[in-house]
Amino acid sequence: MILKDFRCDLHVHTCLSPCSDLDIYPKALVERSIAEGLDVIAVCDHNSSENVSYVMRAAAGKPLVVFPGMEIATSEEVHVLALFDSVEGLLDVQRAVYDALPGENDEDVFGCQPVVNELDEVEFMNPHLLIGATTIPLGEMVERIGGAGGLAIAAHIDRESFSVFGQLGFIPEGIRFDALEVSARTPISDCRRNFAGISGYALIRSSDAHRLGDLGSAYTTIRMKEPSLSELKAALKGEKGRKVVDAFP
Amino acid sequence: MKLEEIAGKLNLRVLCCDEGLSREVRGGFVGDLLSDVMANSREGDLWITRQVHPNIVAVAVMKEHSAILLVQGGIPMEDTLSRARKEGVPILGTEINGFEAAGKIYGLMNP
């Protein structure tokens, strides 16, 4: 069995996120990701996955694997990345998120939330207050993601706002993430030193791109047989030769 | 000032550990970012917050707060209450928001 190293950016946004640039629509995201030498991206818009299938269609036949995902805000305002291997797996989580997400978006204040297809056409404007937080607590959310067959990754743990350490001080007892994400601004070694209780976790880096220019600014090289969710899971656990090889920067 | 006096004057609900009402409140701290509370609050503080997660109990124990006050009708998670009972951390509740609560408590403590 041959293992290969894949360059993965497991946290990118599309124009659907209200805080994103409009030019990071599905086709542009795919093209720029390939140009930046990425092999795998995970599309994680705030509390919504409605652009995921269009990004997957835009990437069909191209040398880029797209994981369906979402960046979910829990009731504590902790951001969690939920990654799945199919859009179907994500649907259960999406339903729960929409049911627990109060408010309507105000475009003038937060930005617009276009759902854009692979032909660059706007399908509709997502009406939910995607910038907001759900009423679902972190523990329940992590369990729900795992129960639906997904991976739960704590987003940008080094940021003061919207991170598990920022909001909750430390990783709560009984919660087990599949990995922890560090933003590009903090060296991994500093994270290992500064945060308690993370020694057993794989640390990954992602761009958290909200504009095309962010793509390629951070990624994680992951050794797997193929870029599938089960292989990714094995790599995050360091099983059978699969592993997180390196993180850039 | 005793916690009991503040609770009485502001009509706070005691959600757990009423045996802790005799505690002395030396100051206050308002914060929902637990990392910030851990870094900047002090021993004896009455901690005013909207967070209801069980981790608030651990932070209050670590920082030796006199009590936690949940504002805007915040309902503690079940695990939060059981941990607070176990650790003996009084949790109080009020419908008013953090601004009003902090202002009123500050006024009581600094007449």
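Remember, predicted model here, so these are calculated numbers, not experimental data.

A. Local environment of the overall build of chain B. The helix and strand tally for chain B stands at 5 helices and 5 strands. Reading chain B from its N end, one meets helices and strands in the order α-β-β-α-β-α-β-α-β-α. Dimensions of chain B, computed from C-alpha atoms along their principal axes, come out at roughly 35 × 25 × 25 Å. In chain B, which comprises 111 residues, the proportion classed as buried is 43%. Within chain B, counting contacts between residues at least 6 apart in sequence, those at least 24 apart form 50% of the total.

B. Inspection of the sheet that holds strand E9 (residues 203-205) of chain A at higher detail. Residue and element names in this part refer to chain A. The 9 strands lie next to each other as E9-E8-E7-E4-E3-E2-E1-E10-E11, forming an open sheet whose pairing is mixed. Of all the strands in the sheet, the pair left with one neighbour each is E9 and strand E11 (243-248). With direction set aside, neighbouring strand axes in the sheet form an average angle of 30 degrees. Where strand E4 (residues 79-83) lies against strand E7 (residues 151-154), 4 bridges are found, and the strand directions are antiparallel. The residue bridging Leu-81 from the neighbouring strand is Ile-153, located in E7. With respect to the sheet, helix H2 (residues 52-59) is in contact with strand E2 (40-46) and strand E3 (65-73), its orientation differing from that of E3 by roughly 160 degrees.

C. Here's a closer look at the interface of chain A and chain B. Taken together, the contacts link 10 residues of chain A with 10 residues of chain B. Classifying every residue of the side of chain A that touches chain B gives 5 nonpolar, 3 polar and 2 charged.

D. A look at unusual backbone geometry. Look at the link from Phe-248 of chain A to Pro-249 of chain A: it is a cis peptide, with omega at 0 degrees. Positive phi outside glycine occurs at Cys-17 of chain B, with the angle close to 60 degrees. On the basis of neighbour counts, which here come to 20 C-beta atoms within 10 Å, the residue Cys-17 of chain B falls in the buried class. One non-glycine residue, Gln-72 of chain B, lies in the positive phi region at around 55 degrees. Looking at the element boundaries, Gln-72 of chain B is found in the loop between strand E4 (67-70) and helix H4 (78-87).

E. Focus on the sheet that holds strand E1 (residues 13-16) of chain B. Residues and elements named next belong to chain B. With mixed pairing, 5 strands are arranged side by side in an open sheet as E1-E5-E4-E3-E2. Where the open sheet ends on each side, the last strands, each with one partner, are E1 and strand E2 (27-30). Here the strands of the sheet are splayed against their neighbours by 25 degrees on average, with no regard to which way each runs. Of the strands in this sheet, E1 and strand E5 (91-93) touch H4, which is tilted by about 85 degrees from E1. Against the sheet, helix H5 (residues 98-109) touches E2, strand E3 (45-49) and E4, its axis set at about 170 degrees to E2.

F. Focus on the packing of helix H3 (residues 55-62) of chain B against H4 of chain B. All names here are of chain B. Orientation of H3 relative to H4, taken along the N-to-C sense of each, is 25 degrees, at an axis distance of 8 Å. What the angle tells us is that H3 and H4 run roughly parallel. Here H3 contributes Ile-56, Val-57 and Val-61 to the contact with H4, which in turn contributes Thr-80, Arg-83, Ala-84 and Glu-87. In the contact of H3 with H4, the residues fall into 4 nonpolar, 1 polar and 2 charged.

G. A look at the confidence of the model for chain B. Predicted confidence across chain B gives a mean pLDDT of 95, with 100% of residues reaching 70 or more. For this predicted complex, the interface confidence score (ipTM) comes to 0.74, while the overall pTM stands at 0.89.

H. The arrangement of helix H5 (residues 138-147) of chain A in detail. All names here are of chain A. For H5, the complete set of buried residues consists of Leu-138, Met-141, Val-142 and Ile-145. Across the axial projection of H5, the buried residues extend over an arc of 100 degrees, all falling on one side. At its buried positions, H5 is contacted by E3, E4, helix H3 (87-99) and E7.

I. Molecular detail of H3 of chain B. Within H3 of chain B, 6 of the 8 residues are buried, which leaves the element mostly enclosed by the surrounding structure. Restricting attention to buried positions, one finds in H3 of chain B the residues Asn-55, Ile-56, Val-57, Ala-58, Val-59 and Ala-60 of chain B. Tucked into the core, H3 of chain B has its buried residues touching helix H6 (164-168) of chain A together with helix H2 (34-40), E3, E4 and H4 of chain B. Among the residues trailing H3 of chain B, Glu-64 of chain B stands out with phi positive, at a value near 55 degrees.

J. Just the pairing of strand E6 (residues 122-125) of chain A, in detail. Residues and elements named next belong to chain A. Examined bridge by bridge, strand E5 (residues 114-116) and E6 share 3 bridges and lie antiparallel to one another. The partner of Pro-114 across the bridge, within E6, is Met-125. Hairpin connection between E5 and E6: a loop of 5 residues separates the two successive antiparallel strands, and Asp-120 in this loop has a positive phi of roughly 70 degrees.

K. Examining the environment of Arg-57 of chain A more closely. Residues and elements named next belong to chain A. When you line up the elements, Arg-57 lands in helix H2. Judged by local crowding, Arg-57 falls into the partly exposed class, with 16 C-beta atoms found within 10 Å. Separated by 81 residues in the primary sequence, Arg-57 and Leu-138 place their C-alpha atoms 31 Å from one another.

L. Layout of the nonpolar core. Within the largest apolar cluster, 106 residues are counted, with the highest numbers of intra-cluster contacts made by Val-55, Val-80, Ala-82 and Ile-153 of chain A together with Leu-69 and Ile-91 of chain B. Looking at this core element by element, the count peaks at 6 residues for H2 of chain A. For Val-55 of chain A, the residues in contact, after removing those within four places along its chain, are Thr-14, Pro-26, Leu-29, Val-30, Val-43 and Val-66 of chain A.

Here is what the cut-offs are and how they apply
- Residues numbered from 1 in each chain as written.
- Chains lettered and ligands numbered in written order.
- Predicted model: local features only at pLDDT ≥ 70, side-chain atom pairs only at ≥ 80, totals over all residues.
- Helix = DSSP H or I, 4+ residues; strand = E, 2+ residues; numbered from the N terminus.
- Buried ≥ 20, exposed ≤ 12 C-beta atoms within 10 Å, placed from the backbone.
- Contact = placed C-beta atoms within 7 Å.
- Pairing = 2+ DSSP bridges.
- Axes fitted to C-alpha atoms, helices over the stretch in contact; angles between N-to-C directions.
- Nonpolar A, V, L, I, M, F, W, Y, C, P; charged D, E, K, R; others polar.
- Parallel < 35°, antiparallel > 145°, perpendicular 65-115°, else oblique.
- pLDDT = per-residue confidence, 0-100.
- Arc of directions from axis to C-beta.
- Core = buried A, V, L, I, M, F, W, Y, C linked by C-beta atoms within 7 Å.

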